[in-house]
Structure formats: C-alpha cells, structure tokens
Amino acid sequence: MDNNRVVITGLGICAPNGTTIPDFTDAIKNGISGIKHQPELERLGFSCQIAGMPEFDEERILRYFTPLELRNLNSTGITYGVIAGLDAWADAGLERNTDDEPDWDSGTIFGTGTSGIDKFRWAINKIDDMDIRKLGSSVVVQTMASGVSAFISGKLGLGNQVTTNSSACATGTESILLAFERIKSGQAKRMLAGSTSDSGPYIWGGFDAMKVCTFKHNNEPEKGSRPMSLTASGFVPGSGAGALVLESLESALNRNAKIYAEVLGGHINSGGQRGLGTMTAPNPVAVQRCIKLAIESSGIRSDAIEVVNGHLTATSKDALEIENWKNALGASSGNFPYINSLKGMIGHCISASGSIECVASILELYEGFIFPNINCEDLNPEISSMIDKNRIPQKLIHNQFDILAKASFGFGDINACVIFKKYKNG
Amino acid sequence: MDKQHLIEELITIITPYTEEKSALERVGENTDFIKDLKINSANLVDIILDIEEKFKIEIDNDSMAKMLTVKATIEVIESKLQANAG
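- Labelled according to an unreviewed UniProt entry, chain B appears under the name Phosphopantetheine-binding protein, originating from Pedobacter rhodius.

- For chain A, the name recorded in an unreviewed UniProt entry is 3-oxoacyl-[acyl-carrier-protein] synthase 1, with Pedobacter rhodius as its organism.
- Turning to chain A, the UniProt annotation filed under Subcellular location (unreviewed entry) states: "Cytoplasm".
- Of the comments in the UniProt record for chain A, the one headed Sequence similarities (unreviewed entry) reads "Belongs to the thiolase-like superfamily. Beta-ketoacyl-ACP synthases family."

### Regarding the overall build of chain B
Piece 1. Looking only at helices and strands, chain B features five helices and zero strands.
Piece 2. Along the chain direction, N to C, the helices and strands of chain B fall in the order α-α-α-α-α.
Piece 3. Taken over C-alpha atoms, the radius of gyration comes to 12 Å for chain B, in line with the 12 Å a tight globule of 86 residues would show.
Piece 4. Along the first, second and third principal axes, the C-alpha atoms of chain B reach 40 × 25 × 20 Å.
Piece 5. Only carbon and sulfur atoms are counted for the fraction: they give 48% of the accessible area of chain B, which is about 5000 Å².
Piece 6. Once the 10 positive and 18 negative side-chain charges of chain B are each reduced to a mean point, those two points are 3 Å apart.

### Considerations on the packing of helix α12 (residues 284-298) of chain A against helix α13 (residues 318-329) of chain A
The axes of two packed helices give the description: the angle between them and the distance between them.
All names here are of chain A.
Piece 1. Here α12 crosses α13 at 45°, and the two axes come no closer than 9 Å. It follows that α12 is oblique to α13 by the angle criterion. α13 is crossed by α12, and the crossing has right-handed handedness. Facing Pro-284, Val-287, Gln-288, Ile-291, Lys-292 and Ile-295 of α12, the residues of α13 in contact are Leu-320, Asn-324, Trp-325, Asn-327, Ala-328 and Leu-329.
Piece 2. Its residues assigned to classes, the contact of α12 with α13 comprises eight nonpolar, three polar and one charged.

### Re the interface of chain A and chain B
Piece 1. Counting residues at the interface gives seven residues for chain A and twelve residues for chain B.
Piece 2. When chain A packs against chain B, close to 760 Å² is buried across both sides, 49% of that on carbon and sulfur atoms.
Piece 3. Counting across the chain A and chain B interface gives two salt bridges.
Piece 4. For Glu-52 of chain B, the salt bridge identified is with Arg-133 of chain A, shortest N-O distance 2.6 Å.
Piece 5. Joining chain A to chain B, the criterion identifies five residue pairs in polar contact (both at pLDDT 80 or more).

Parameters at a glance
- Residues numbered from 1 in each chain as written.
- Chains lettered and ligands numbered in written order.
- Predicted model: local features only at pLDDT ≥ 70, side-chain atom pairs only at ≥ 80, totals over all residues.
- Heavy atoms only, no water.
- UniProt positions renumbered as here; feature names shortened; annotations may be inferred.
- Helix = DSSP H or I, 4+ residues; strand = E, 2+ residues; numbered from the N terminus.
- Rg over C-alpha atoms; globule rule 2.2 N^0.38 Å.
- Areas by Shrake-Rupley, 256 points an atom, 1.4 Å probe, with all protein chains shown as cover.
- Lys, Arg positive; Asp, Glu negative; His and termini not counted.
- Charge placed at Lys NZ, Arg CZ, Asp CG, Glu CD.
- Axes fitted to C-alpha atoms, helices over the stretch in contact; angles between N-to-C directions.
- Parallel < 35°, antiparallel > 145°, perpendicular 65-115°, else oblique.
- Left-handed = near helix turned anticlockwise from the far one by under 90°.
- Contact = heavy atoms within 4.5 Å.
- Nonpolar A, V, L, I, M, F, W, Y, C, P; charged D, E, K, R; others polar.
- Buried area = accessible area lost by both parts, 1.4 Å probe.
- Salt bridge = Lys/Arg side-chain N within 4 Å of Asp/Glu carboxyl O.
- Polar contact = N/O pair within 3.5 Å; in protein donor to acceptor, adjacent residues only side chain to side chain.

See below:
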C-alpha cells in the first residue's frame with residue numbers, strides 16, 4: 001500500500017460573502033457578512049427570515065454551463081458546485097481535459113445533502129398535475145444526489161472515482177478526508193474534493209420548523225449569526241459550495257504547482273446515537289475521540305495545533321463543542337489554540353459548510369492570518385470560563401502559523417476532523 | 001405548412017442540441033439525429049417536447065419511438081397536424 005503525502009493545490013469558492021478566492025479572502029479578513037434579509041422567507045412565514053446565499057450575475061454562469069444545460073437548470077446546488085469545482089481546477093493550473101481519453105488519474109468526491117430541490121418540486125408538481133410526459137430529460141441528472149459530481153466530471157473529463165458523499169453538516173470535511181485517503185493509498189493522483197448545498201425555502205424549511213434557526217434578528221441580518229455569543233439563539237441558514245484540489249505531493253512537485261498546504265491526516269467517526277448522542281445531538285465521547293485520532297493519524301502532538309476552525313453554529317451547543325476541543329487537546333485555558341467560526345459571517349451552509357470553512361482555513365494557513373470572529377462581542381461566559389477570551393480573536397490577526405485543525409459535526413451523530421499544515425518546501 | 005418550411009422549423013428546434021454545426025448546415029430528409037448530428041439520445045425527448053409546443057400537437061409513445069431521422073419526424077408532425085385539422 002502506498003503512503004503518499006497529499007497537498008492542496010487549488011481552491012474554489014461560492015460563498016455568501018464571496019464567490020471568487022480574492023473576494024472571499026478579503027471578506028473573511030474584514031469580517032464581512034453575507035447574511036441578508038430574504039423577502040421570500042418572510043412571505044412564506046418563516047420564523048427565521050434571514051439567510052446567506054452566494055451572489056453572482058447571470059453572465060458568470062455562462063462561463064461554466066452550455067446554453068442547452070442552462071435552459072432547464074434549476075438546481076442551485078449544482079450551479080454553486082460547478083462554479084467552485086471548476087474554479088478550483090483552474091486555480092490548480094489544471095486544464096479541462098478535451099481529449100477523448102478520460103483523465104484516469106483524476107476524480108472527484110463532491111458531496112451534498114440534497115440535489116436540485118427546486119427542480120424536484122417542479123417535477124413533483126408536474127406529475128401531480130398529470131403532466132408526467134412534460135418532465136423532459138433534465139430531472140434525473142439534476143435531482144440525483146450525485147448530480148453535482150456528474151456535472152463536474154463531465155466538464156473536466158475525469159476518469160478516476162466520481163462520487164458524491166453525504167453526511168449532513170460533516171459532508172464537506174468528510175469529502176476532503178475521503179479524497180485524501182484515495183490519493184494517500186495511491187489510487188488517484190488528483191481528487192477534486194468539496195461540497196455544495198441548495199438555497200431556498202425548501203431546503204431551509206425543515207430546519208426552521210425544528211426551531212434550530214434564530215428568529216430574533218430578522219431586522220438586523222448581519223448580527224444574526226452569533227457563534228460563541230451569550231445571545232446566540234440558533235443558526236442562520238446558508239448555502240453555497242467550496243472546492244479543493246487534493247494532489248499527491250509528487251504530482252504537485254512534478255508539475256511545479258502552487259502548494260497551499262498539506263493534509264496531514266484526519267478522522268471520521270460516529271457517536272452511534274448512544275450515550276448523550278442522538279439523531280441531532282453529538283455524543284461528546286465520539287467528538288473527542290474523533291479529534292484525538294485525527295491528531296494521532298497526523299503524527300503530531302496535540303499542542304502543535306495553533307488554530308482551530310470550529311463547527312460552532314451559534315446554538316446552545318457551542319459551549320459543549322469548546323469543552324470537547326479542550327478535553328481532546330488536553331489544553332488549559334491559556335494555552336488553548338486560537339479558535340474561530342466562519343458561521344458568524346456566512347451562517348451555517350449545511351452540507352457545504354465543511355468545504356467552505358476548509359477553504360477559509362487553507363487561506364489562513366497559506367497567507368498567515370486568523371480571520372476575526374464576528375458577533376461574539378458578548379462572549380458566552382460558559383465559554384470564557386473554559387478558555388481565555390484572547391483565544392477567540394474578534395479582530396484580524398496577521399500571524400504565520402503551521403498547523404490548523406478543522407472539524408465538522410452532523411445530524412446522525414457523525415464527526416469529521418482534518419489536520420492541515422503549512423507547506424514549506426519539504 | 002409545406003415540407004421545406006417544416007424542415008426549417010425543425011432545424012431551429014434541434015440547433016441547441018447539437019455541436020455538429022457543419023452537419024447541421026447539410027440537414028436533409030435522411031439526416032439521422034444520433035448518427036449524423038451526434039445528439040445525446042437522452043435529449044430526444046426534449047426535442048419532442050419542443051416540437052409538441054411549437055406545432056401544438058401531442059405525440060404518442062409509438063410515434064416518438066420512430067422519430068430518429070428528419071424524414072420520420074416530419075411524417076409524424078404532418079400526420080398529427082392533419083389529425084388536428086381534421
């Protein structure tokens with residue numbers, strides 16, 4: 001079995017506060033929110049009427065899809081995923097394969113929670129209206145879960161594994177670890193990892209009904225997503241996609257590619273919905289085990305971790321997450337790593353959250369900064385009793401650092417943790 | 001509607017579905033959608049929906065199965081138009 005080192009050579013983003021890497025980098029450095037009031041959610045009587053959605057003009061889409069594809073395209077998740085995925089591929093200096101021969105060495109693991117939920121609604125209405133024959137050929141490819149990876153693969157001509165993973169809010173981080181394993185074991189040279197999430201009332205409605213979203217900030221959208229804050233009152237839904245090109249170090253060096261960072265290791269597990277774990281609540285034993293085993297598989301000591309990019313959704317569970325990190329790292333209040341949550345700026349992008357937040361994490365490592373936590377000026381005292389408040393930066397910090405841990409946790413009591421390291425020529 | 005006019009309307013409908021622009025310029029009665037124009041077979045149903053909308057006709061499954069060439073397609077359209085007129 002091979003044991004290749006794996007690096008990241010390309011990034012793509014389609015986030016509520018930026019849809020290009022330069023815009024997104026600027027936004028996260030400056031704490032710019034992508035959360036807006038959504039008139040459609042208000043009209044439909046949602047409790048939470050604010051959300052984060054990527055914004056771009058129609059002309060941008062023409063660069064990624066053929067006119068024929070665009071005629072019936074009604075899947076925001078596929079649109080976001082294709083934009084982020086193709087941008088990451090180009091950012092890695094890779095061309096779209098125009099040969100008849102597939103690129104056998106390259107594949108994609110591009111996750112999602114649902115696909116084409118608006119398309120699905122349209123199709124269901126047609127069927128119920130006795131108009132089944134009017135569906136045409138575009139329903140299946142946009143509503144199959146693997147639609148996003150299928151669209152990306154066709155555009156790039158990928159000939160290695162092409163699949164879609166799905167693990168709720170852990171999807172994006174899981175996709176990176178699955179791609180990492182495939183390259184590490186020598187089964188692929190390059191894998192486009194990432195994840196996407198649809199926009200709109202039909203994806204967010206279920207969360208609204210569960211009362212896990214905030215309803216207290218409809219008049220001040222940018223203040224609504226408040227991870228680690230005393231006044232955190234539920235998450236703000238978001239959407240978008242993040243994409244990362246993972247590549248064997250050997251392949252990256254051979255083609256003289258820009259290397260953003262190295263993936264040192266990681267771990268994926270489940271709390272089995274046992275102990276304190278349920279369908280919707282994490283089992284702390286499993287969370288801590290996931291973080292510890294991620295560190296162990298990376299061959300580092302836990303005190304080597306300088307920055308943690310948390311899951312931290314702005315619910316009552318934030319304090320529990322901090323406690324889990326603290327226990328897993330064996331850290332004291334003062335030597336706890338810096339910790340931040342991107343969700344303050346973009347909300348919780350559900351199945352896209354892990355990949356978008358990993359893109360942010362890689363940018364921090366590569367450029368040497370730690371983005372500010374916004375909306376936690378009133379830090380939850382339960383959290384500040386566990387870790388020193390200077391560990392939770394509220395202003396941008398310029399700081400070269402070497403190792404970052406990122407974790408995502410999802411419904412179903414599932415966890416994923418990945419460890420990234422700055423790459424320094426060797 | 002005469003046959004030449006029907007063919008022209010049909011070409012307008014199939015244009016977005018093919019990358020074979022030179023073959024498109026030579027479309028005649030014997031042109032095969034899949035062999036000559038390299039149209040993805042999944043898109044044939046979309047072309048038929050576009051034809052139904054354009055000519056305000058309804059095409060049954062048996063007729064649909066025949067519509068693989070320009071000639072067969074024109075015949076189906078003509079017969080449905082006649083049925084409508086009758």
